[in-house]
Each structure stands twice: as structure tokens, then as C-alpha cells.
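What follows is each chain in one-letter form.
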Amino acid sequence: NLSDKLESVFKKLRGQGVMTEDNIKDALREVRLALLEADVNFKVVKDFVENVRLKAVGTEVMQSLAPGQQVVRIVHDELITLMGGDQDNNLDLAAKPPVVLMLVGLQGAGKTTTCGKLGSWLRKQKRRPLLVPADVYRPAAIEQLKTVGRQLNIDVFDSQTGQEPVDICSAAVRFAELNGFDTVLLDTAGRHQIDDFLMNELERIKAAAQPREILFVADAMTGQEAVTVAGGFNDRLGITGVILSKLDGDAKGGAALSIKAVTGAPVKFVGLGEKLDALEVFHPDRLVSRILGMGDVLTLVEKAQSALDEKETARLTQKLKKNQFDLEDFLAQLQQIKKLGSLESIMGMIPGMGKMVKQMQGAQPSEKEMKRIEAIIRSMTPAERADHGIINGSRRLRIAKGSGTTVQEINLLLKRFTEAQKMMKQLTKLGPKNLMKGMGGLP
Ligand code: GDP
Ligand code: MG
């Protein structure tokens, strides 16, 4: 986790006046490694790190922020800028209908699937899309798009057998005009790699159909390869946007950043699954968080909301606010957390929580441990559960005997409880909306 690494690199910097070339060298190395690890193109990384260096050197070391956080903040802001900022990355649909959107990319990148997803998204925007199969080389390609159209109940243009892709597209645009479709989605052919025949065909389709947008569909899993390919498509066609598919895999998404840097075209959507509703408008900050290992807070909140018993959570939150979170609640909390999956994966989603994860590693209770914890807490008197401060040595011994455990185990449990108490306090103070701001060291 980059935030953590930087924090430790910068510990020694506390109390020094400003950041200098010398004292941020290690931090910049961590930044460089993190970006390369996230599959960002090395040339892009080089320029980027240089940029951060320029921004950081001479900056005052703030007392309120850990210097590591300060650099993370600069890195975060610069990454967002690099990805085109928080500008409106939406499709250009304002032109006179029918607005033509052309999807291009290698074979298997996800064009056909994305065509359906986009159609569905457009319909939600109250538009009337027409899907156009312009891949005549793979025998099943047209049928695939028709199936997608059927599933979504979106019209698919009926091409004639043997019709050339360029003619299909021209005819489809005319058909759309005559039949009241306001948006035309061209699902073009792909190849395993860029070849001249395909590029030539795509150029002719572009000339004939006059697309308002040429959207390059990139498979996030292919990493660096996608960057080279994007450059190739951009040189010949001039792409206006990128759709990053398969971001549901473990790709860190560094490719997106590089593609923007290399082609200038912003990422507009991301694909998050094979299902036809797994498309989202792209949010630079979410991807940046993913790259920096700061976690996706929104994902966490959503996940937590669906899994946690809302009433129970409200009750605990209330107690937390009043500083009454006790061992009884701790037990309830552990049981809730278990429902969410591994503690580590949950904590990993919270910015700045990496350290806590390390501290709590091994704290993820197994079924058996859970029973012991429960036994221990049940062996305490109500007074002890409400205020663990009173649990002295002789009480610990009594509890250990009563629960069939050891004093060491009691000690460990109390230590974990104190940690959890601290953590919970932090979380409630911030509230979900401010988690990002507060814990990422952001403004
Ligand atoms: P095309 O050759 O570019 O038209 O690619 P397809 O649309 O046929 O997709 C190739 C494969 O990738 C199919 O198995 C799709 O289901 C899958 N796919 C497309 N988009 C996504 C995505 O966002 N996530 C995942 N997991 N799979 C995807
Ligand atoms: Mg296809």
C-alpha cells in the first residue's frame, strides 16, 4: 500500500521545514514503483514522477498532515489531472440525431458486449439506440450482437448477407434517420493485432458514417499492450474516448492512465463484468484510489450497507457516538464483520487503513476463535463487559478459568478490543462521506 510506504519513508521528515530533493527521493521511488506495479507505462511514470518532484520540492512540511500523506495528496491530485481531471467525461451526444458512436478495438476487447451495455445506458438517458453489426469476418459476430439486442430489447440493424461493413454502416445510419433512432452504435470488427486491412476499413467506415465519437475499447487486463494498441488506433482514426473493459478482474487499471497520457483521449466508461448492466461512467478518483492502494470507499460503503444489519449498525453507531462501545458490542461487531468477508479485505478498502490491517492481521476470527472470544466475554460480569478498565490481574485469571482459556488470550482480546474501539471512533467521527477526505489526507 503506497500510502503506508510513504508514511514510513516520511516519518523521519517530520519536524523538518520543507521537502527537498534529498528528503523526498525515497518517497518518489515508492511512487514510481507503485505506478509501475499498477501497470502504468514507464515513460508516463517518468514524466509523472518528475512532475510530482517539481510540485513537492520546496513545499512546507505541514504539521497537521503526515508528510507521507502530503506526498500522497500531491500524487493523488496529479493523477487526477493526468486522467483529465473531474471534467465531464460524458459522451458527445448533443449533435443533430442520429448521433453515431463507433466502437473500435482488438478482437476480444469487449466491443460487442460494450455495444449492448452502452445501448442500455443510452436508453436510460432516454435515447433510442440502434445497434449495428459491422463485424462480418467472424461468423458468429452478427449473431452475438443480435442476441445482446434481444436480451436488452434494443433494435439491431438487419444487414444483408455478404454486405460490406462500410455499406452496412452507411445503410444503418440512413435507416436510423428514417426510423427515429437518435443514436447509432457501430460494432466494428477487431483483429488480434493492428493490421492495415482493418485500419483501412475502419477509416472508410469513419468517412462514411461520420461518427461523433470513436471509442476505443481496451481490455484492462492486457495492461501495457493496450497502450501500444491505443496509440496505433489513435494514429489512424483519432479516437475521442476510451472504454476500459474488464476492470472487474485484478487489473489495477494503470493502463487507463497511460492510454490517456499517450492518446489524449479520456476514459469515459469502465466495464465491470460480463453482464450487460456492468458498465459505469468513469470516475478518475476511484481509479486513482485503486492505483494508490487507498481503496474504493464507495465500494466499501455499498458492501457494508448490503451485508450489515442496519438496525444493529445504527445501535452500535449510537453507542460509539456516546463512547459506550463495550465488549458486548465488540462481540456483536465481530459477528457483523464476519458477515462481510475477511477483515483484511474490508479494511483494505478504507483509505489509510493499511497499517491497521497489519496490526489486526490474525485478528480475523475463525469460527473456532469466535467461539473462544464469545466464551471469554460471556465469562465476564456485566460490569466488566461495560467497562473493561476494571479487568485487573485477578479478574483476568478468573475469566480465563471460567472460559477455559489463558490469561494471555484475555490480554490479546482486550488489546484487540481497544484497537477496535479506537478505529470505530475514527470511523464514526468521519462518517462515510468524509472517510476519503479525512483518511486519505485530502482536503
Ligand atoms: P469483441 O471481440 O471486442 O467484440 O469482444 P466481446 O464483446 O465479444 O467480449 C469478449 C469477451 O470478454 C466476452 O467473453 C465478454 O463476455 C467478455 N467481457 C467483455 N466486457 C467485459 C467486462 O467488463 N468484464 C468481464 N469480466 N468480461 C467482459
Ligand atoms: Mg465483437
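Quick caveat: nothing in here was measured; it's all calculated off a predicted structure.

Definitions and cut-offs
Residues numbered from 1 in each chain as written. Chains lettered and ligands numbered in written order. Predicted model: local features only at pLDDT ≥ 70, side-chain atom pairs only at ≥ 80, totals over all residues. Helix = DSSP H or I, 4+ residues; strand = E, 2+ residues; numbered from the N terminus. Buried ≥ 20, exposed ≤ 12 C-beta atoms within 10 Å, placed from the backbone. Contact = placed C-beta atoms within 7 Å. Pairing = 2+ DSSP bridges. Axes fitted to C-alpha atoms, helices over the stretch in contact; angles between N-to-C directions. UniProt positions renumbered as here; feature names shortened; annotations may be inferred. Near = placed C-beta within 6 Å. Nonpolar A, V, L, I, M, F, W, Y, C, P; charged D, E, K, R; others polar. Parallel < 35°, antiparallel > 145°, perpendicular 65-115°, else oblique. Left-handed = near helix turned anticlockwise from the far one by under 90°. Core = buried A, V, L, I, M, F, W, Y, C linked by C-beta atoms within 7 Å. Domains from an automatic or database assignment.

Engineer: For this particular structure, what's the right way to read the overall build of the chain?
Structural biologist: A tally of regular secondary structure across the chain gives 20 helices and 7 strands. In the chain, which comprises 443 residues, the proportion classed as buried is 40%. Sequence separation of 24 or more characterises 76% of the internal contacts of the chain that already satisfy a separation of 6 or more.

Engineer: Would you take a moment to explain the sheet that holds strand 6 (residues 267-271) for this structure?
Structural biologist: Strand pairing in a sheet relies on backbone hydrogen bonds, with the paired strands running either antiparallel or parallel. With respect to topology, 7 strands assemble into an open sheet ordered 2-3-1-4-5-6-7, the strand pairing being mixed. The sheet is open, and its two edges are formed by strand 2 (129-134) and strand 7 (279-281), each paired on a single side. When strand polarity is set aside, the average angle formed by the axes of neighbouring strands in this sheet is 25°. Across 3 bridges, the pairing between strand 6 and strand 7 is antiparallel. Counted as the bridge partner of phenylalanine 269 is valine 281 from strand 7. Helix-sheet contacts for helix 6 (residues 141-152) involve strand 2 and strand 3 (183-188), and the interaxial angle to strand 2 is about 165°. Against the sheet, helix 7 (residues 165-179) contacts strand 1 (99-104), strand 2 and strand 3, and its axis sits at roughly 165° relative to strand 2.

Engineer: Before we go on, may I ask you to explain the UniProt feature "domain: SRP54-type proteins GTP-binding" (unreviewed entry) in the chain in this structure?
Structural biologist: If you check UniProt for "domain: SRP54-type proteins GTP-binding" (unreviewed entry), the listed places come out as residues 266-279 in our numbering. With 0% helix and 43% strand, the stretch residues 266-279 has end C-alpha atoms that lie 16 Å from each other.

Engineer: How should I be thinking about the site of ligand 1 in this particular structure?
Structural biologist: Around ligand 1 sit 17 residues in total, of which Gly110, Lys111, Thr112, Thr113 and Gly271 are the nearest. Considering only residue class, the shell around ligand 1 consists of 3 nonpolar, 10 polar and 4 charged.

Engineer: Can you help me understand the packing of helix 7 against helix 8 (residues 196-209) in this one?
Structural biologist: Helix-helix packing is characterised by the crossing angle of the two axes and by the distance between the axes. Put simply, helix 7 and helix 8 touch, their axes get as near as 9 Å, and they point 20° apart. Relative to helix 8, the element helix 7 lies roughly parallel. Viewed along their axes, helix 7 and helix 8 form a crossing whose handedness is right-handed. On helix 8, the residues that touch Pro165, Val166, Cys169, Ser170 and Val173 of helix 7 are Glu201, Arg204, Ile205, Ala208 and Ala209. Of the residues in the contact of helix 7 with helix 8, the class split is 7 nonpolar, 1 polar and 2 charged.

Engineer: Sorry if this is basic, but what is going on with the packing of helix 2 (residues 21-37) against helix 3 (residues 42-56) here?
Structural biologist: Running from amino to carboxyl end, helix 2 crosses helix 3 at an angle of 150°, the nearest separation of the two axes being 10 Å. Accordingly, the angle class assigned to the pair helix 2 and helix 3 is roughly antiparallel. In the packing of helix 2 onto helix 3, the handedness of the crossing is right-handed. Of helix 3, the residues touching helix 2 (which contributes Ile24, Leu28, Val31, Arg32, Leu35 and Leu36) are Phe42, Val45, Phe48, Val49, Val52, Arg53 and Ala56.

Engineer: I'm lost on the nonpolar core in this one. Help?
Structural biologist: The nonpolar side chains of soluble globular proteins are, as a tendency, buried together. Formed by 84 residues in total, the largest nonpolar core has its most connected members in Val132, Val184, Leu186, Ala218 and Val242. Formed jointly, this core draws a minimum of three residues from each of two domains, domain 1 (2-82) and domain 2 (99-284). Filtering out sequence-adjacent residues up to four positions away, valine 242 remains in contact with Phe216, Ala218, Ala230, Ala256, Ile259, Ala265, Pro266, Val267 and Lys268. Core analysis: the second largest hydrophobic core is formed by 10 residues, Leu327, Ile376, Ile377 and Leu413 among them.

Engineer: How should the environment of leucine 397 be read in this particular structure?
Structural biologist: Turning to its location among the elements, leucine 397 is positioned in helix 19 (residues 393-403). Its 13 C-beta neighbours within 10 Å are what place leucine 397 among the partly exposed residues. Between the C-alpha atom of leucine 397 and that of glutamine 408, which follows or precedes it by 11 residues, the distance is 9.7 Å.

Engineer: Which parts of the structure should I look at to understand the pairing of strand 3?
Structural biologist: Across a regular strand the side chains alternate sides, sitting on one face of the sheet and then on the other. Buried residues dominate strand 3, accounting for 6 of its 6 residues. By the alternation rule, side chains of strand 3 split into Thr183, Leu185 and Asp187 and Val184, Leu186 and Thr188, which are all buried. Strand direction decides the pairing type here: strand 2 and strand 3, joined by 6 bridges, are parallel. By the bridge assignment, leucine 131 is partnered in strand 3 with leucine 185.

Engineer: Sorry, what's going on with the environment of methionine 199 here?
Structural biologist: Relative to the helices and strands, methionine 199 is located in helix 8. Residue classification places methionine 199 among the partly exposed positions, given that 17 C-beta atoms sit within 10 Å. A C-alpha to C-alpha distance of 9.3 Å links methionine 199 and glycine 232, two positions 33 residues apart in sequence. Apart from the residues lying within four places of it in its own chain, the contact partners of methionine 199 are Ile194 and Arg236.

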